[in-house]
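# Structural description and commentary
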Amino acid sequence: MSETIVIIPSRLEAKRLPGKPLKLINDIPMILHVYNRAIESEVGDVWVATPDKKINDVVKNASGKSILTSNKPQTGTDRVFEAYEKLNLKGINLIINLQGDSPNLDPKIIIKLENLMKKTNSEIGTLAAKIID
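Values in this document were obtained by computation on a predicted structure and should not be read as measured data.

Tallying secondary structure elements over the chain gives four helices and seven strands in all. What you see in the chain, going N to C, is helices and strands ordered as β-β-β-α-β-α-β-α-β-α-β. Its C-alpha radius of gyration of 14 Å places the chain within 12% of the 14 Å reference for a compact globule of 133 residues. For the chain, the C-alpha atoms occupy an extent of roughly 40 × 35 × 30 Å along the three principal directions. Accessible area for the chain stands at about 8,100 Å²; split by element, carbon and sulfur atoms hold 51% of it. Both charge centroids of the chain, one from 19 positive and one from 16 negative side chains, sit 3 Å from each other.

Ranked by size, the top nonpolar core spans 20 residues in total, and within it Val6, Ile8 and Leu98 carry the most contacts. Mapped onto this core, the elements with two or more residues apiece are strand S1 (4–9), helix H1 (30–41), strand S4 (45–50), helix H2 (53–61), strand S6 (94–97) and helix H4 (107–119). Here this core gets five residues from one element, more than from any other, and that element is H1. In contact with Ile8, not counting residues within four places along its chain, are Ile31, Val34, Tyr35, Ala38, Val46, Trp47, Val48, Ala49, Leu98, Gln99 and Gly100. Ile7, Trp47, Leu87 and Ile95 belong to the second largest nonpolar core, which has eleven residues in total.

Even without being glycine, Asn26 reaches a positive phi, approximately 55 degrees. Relative to the elements of secondary structure, Asn26 occurs in the loop between strand S2 (24–25) and strand S3 (28–29). Overall, Asn26 belongs to the exposed group, its relative accessible area being 68%. A positive phi angle, close to 65 degrees, is found at Asp27, a residue other than glycine.

Rules behind the numbers
Residue positions are given per chain, counting from 1 as you read along its sequence in written order. Thresholds applied to this predicted model are a pLDDT of at least 70 for local features of residues and 80 or more for the giving and counting of side-chain atom pairs; totals over whole chains, interfaces and linings are not thresholded and use all residues. Only hydrogens and water are set aside when side-chain values are computed; all heavy atoms of the structure are taken into account. Only DSSP runs of H or I covering at least 4 residues are called helices, and only runs of E covering at least 2 are called strands; the numbering of each starts at the N terminus. The atom set for the radius of gyration is the C-alpha atoms, and the globule formula is 2.2 Å times the number of residues raised to the power 0.38. Per-residue and other accessible areas follow the Shrake-Rupley method at a 1.4 Å probe size, with only the shown protein chains counted as cover for residues. Charge counting follows a simple rule: Lys and Arg are positive, Asp and Glu are negative, and His as well as the terminal groups are ignored. Taken as the charge centre is NZ of Lys, CZ of Arg, CG of Asp or CD of Glu, depending on the residue. Buried Ala, Val, Leu, Ile, Met, Phe, Trp, Tyr and Cys residues form a nonpolar core when they are joined through side-chain atoms within 4.5 Å. Each residue is placed in one exposure class: buried if its accessible area under a 1.4 Å probe, protein chains only, is under 20% of its type's maximum, exposed if it is over 50%, and partly exposed if it falls in between. Contacts: residue pairs with any heavy atoms within 4.5 Å of one another.

The following block contains the structure:
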């Protein structure tokens, strides 16, 4: 098993755009676009962590991996941690917390993050960018 895992926290109760993960982009739910970008990176296993059965079903019906979490986590990072604990996977050294609303993400960026995390001995990382304008 790979030493890296990508966990995508996702929920339907977004305040600004409710139901965002299931909004269609070219007839494909946003969460599947993100999931597929993570798979294309080939850095490790990819899981969606969600409290919502609808998201869970969409991912699983597309032959993806998804795990149901509670409604307790207050942040995506908390949801990632809960999923990681529930999965009880062995040999994982890195967890990439990939935001579920980045459907156009270049998989190469995920690879760069993994390489940086290995170089700096990070255990969990999230892609981010400085807002310039």
